[in-house]
Amino acid sequence: MTEHRLIMAFESSADETSVAIIRDGNEIVSLETATQIKSHQRFGGIVPEVASRHHIEQVTLLADAALQDANVTYDDLTAITVTQGPGLVGALLIGVTAAKTIAWAHNLPLVPVIHLAGHISAANFVEPIQYPALALMVSGGHTELVLMREEYDYLVIGDTRDDAAGECYDKVGRTMGLKYPSGKIIDEMAHRGEDAYDLPRAMLNEDNFDFSFSGLKSAVINLMHNAEQRGESVDLDNLATSFQHAVVDVLAGKTERALKAYPVKSFIVAGGVAANQGLRDRLNELMQQFPDTTYIPVPIALAGDNAAMIGAAGDIAYRHGKRGEWDLNANPALEFNYLEE
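All of these numbers come straight from a predicted model, not from anything done at the bench.

Calculation criteria
Residues numbered from 1 in each chain as written. Predicted model: local features only at pLDDT ≥ 70, side-chain atom pairs only at ≥ 80, totals over all residues. Heavy atoms only, no water. Helix = DSSP H or I, 4+ residues; strand = E, 2+ residues; numbered from the N terminus. Contact = heavy atoms within 4.5 Å. Expected span 1.5 Å × (residues − 1). Polar contact = N/O pair within 3.5 Å; in protein donor to acceptor, adjacent residues only side chain to side chain. Pairing = 2+ DSSP bridges. Axes fitted to C-alpha atoms, helices over the stretch in contact; angles between N-to-C directions. Phe/Tyr/Trp six-rings, centres within 6.5 Å; stacked < 30°, edge-to-face > 60°. Buried < 20%, exposed > 50% of the residue type's maximum accessible area, 1.4 Å probe, protein only.

Colleague: Quick rundown of the environment of Leu 145? Include the residues and the values.
Modeller: Among the secondary structure elements, Leu 145 is positioned in strand β7 (residues 143-148). With 14 residues separating them along the chain, Leu 145 and Asp 159 place their C-alpha atoms 6.5 Å apart. The residues contacting Leu 145, other than those within four sequence positions of it, are Leu 134, Ala 135, Leu 136, Leu 155, Val 156, Ile 157, Gly 158, Phe 209, Phe 211, Lys 254, Thr 255 and Ala 258.

So, in structure tokens, the structure goes:
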């Protein structure tokens, strides 16, 4: 009988404190997450000091709860894995310190992972990623196309030059007077309106895989301000529809270009914006053109930050021999390598 790997994972890169127990990299045994959204809503975004204090309050409680829910003890664990970066440095430090302390106290291997690898690896909870693979990583801080020629090989082939897609949603939402975070609200509004406003699709036809959303954000802000100065009304549902179409056109267009340039066995869409129904619908249509590629959208429940995805990535890193030393530190600028042509 094969012995199973049980990994405890910690995620604290932003405004979610999360601890999970993962079996063999593809089964969630337990998952405990404490969200801070209500604490940050009144500020219109994440306040790093507030986030760090919440992590301190929650992390040990969640670790105990994850063990209890899984009906295991530290003696049953194979390793401890943790998000090393990117993220807010103070928030990351809480998770890294908790993981190091537990790993040291219970003589367990410590496995640091890149947060973005977690988002992508969450696809393994749906079905095993087949390599080579391509991932569209869309979140509040990142919009990237990541090529994986083999397991544990992450290469960025396209990146955003400025705002990430999720960041653009929140900034546009603030301009429209919506609550933070705005992505889900805009997605719902977009299904009620019509594409009535002419908004830019930056870099859509350029011969590369990069993105730019700053101009789109500015176009929406200018449209709102100009209407206000003229005393004109803006149909917010129509504006949401036009905005979302512009974002999705670029994301899907660049993805199509990448899939044609790099034939792959699996295509994954991951990150918080992967929960956007407009994007998921468009990618469903797009993937009809690529019948030899398995499309794996990360489940909506796992699209945001959570420790289960860190456990999935940590299992891969553990099997590939990645280990952290006791002087492991948070790295808020940690990122994948870029493909060099």
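Colleague: Summarise helix α8 (residues 236-261); cite the residues concerned and give the values.
Modeller: Taking 1.5 Å of rise per residue, 26 residues should cover 38 Å, and α8 covers 38 Å from first to last C-alpha, within 8% of that figure. For α8, the N-terminal cap is Asp 235; the gap from its side-chain oxygen to the backbone nitrogen of Asp 237 is 3.1 Å.

Colleague: How would you summarise the sheet that holds strand β2 (residues 16-23) if you had to cite specific residues and measurements?
Modeller: Across the sheet, five strands lie side by side as β3-β2-β1-β4-β5; this open sheet has mixed pairing. The sheet is open, and its two borders are formed by β3 (27-35) and β5 (110-114), each paired with just one other strand. Across this sheet, the average inter-strand angle for adjacent strands is 20°, counted without regard to direction. Direction of pairing for strand β4 (residues 79-85) relative to β5: parallel, over a ladder of five bridges.

Colleague: Go over the side chain of Ser 212, please, and point to the residues and values.
Modeller: The topology assignment puts Ser 212 in the loop between α6 (183-190) and α7 (214-230). Among the polar contacts made by the side chain of Ser 212, one reaches the side chain of Asp 162 at a distance of 2.7 Å. Sequence-distant contacts of Ser 212, that is, excluding residues within four places in its chain, are made with Thr 160, Asp 162, Ala 202 and Met 203.

Colleague: Can you explain the sheet that holds strand β8 (residues 155-159)? Please cite residues and give values.
Modeller: Spatial ordering of the open sheet is given by β10-β9-β6-β7-β8-β11, a layout of six strands whose pairing is mixed. Each edge of the sheet is formed by a strand with only one pairing partner; in this case those strands are β10 (294-297) and β11 (337-338). Bridge count between strand β6 (residues 133-138) and strand β9 (residues 266-270): five bridges; the pairing is parallel. Each residue of the ladder has a partner; that of Met 137, found in β9, is Ala 270. The sheet strands contacting α8 are β6, β7, β8 and β9, and the helix crosses β6 at an angle near 165°. In this fold helix α9 (residues 277-286) packs onto β6, β9 and β10, with an angle of close to 175° to the strand it touches most, β10.

Colleague: Go over the packing of aromatic side chains with me, naming the residues and quoting the values.
Modeller: Given two aromatic rings, their pairing is described by the distance between the two centres and the angle made by the two planes. Going through the model one piece at a time under the given rule, you end up with six aromatic pairs. Ring plane angle 15° and centroid distance 4.8 Å describe the contact between Tyr 154 and Phe 336, whose orientation is recorded as stacked. Taken together, the residues Tyr 154 in the loop between β7 and β8 and Phe 336 in the loop between α10 (307-319) and β11 connect sequence positions 182 residues apart. With relative accessibility at 4%, the residue Phe 336 sits in the buried group. For the ring pair Phe 267 and Tyr 295, a centre distance of 5.8 Å and an interplane angle of 20° mean the geometry is stacked. Taken together, the residues Phe 267 in strand β9 and Tyr 295 in strand β10 connect sequence positions 28 residues apart. Taking the relative accessible area as the measure of exposure, Phe 267 reaches 0% and is therefore buried.

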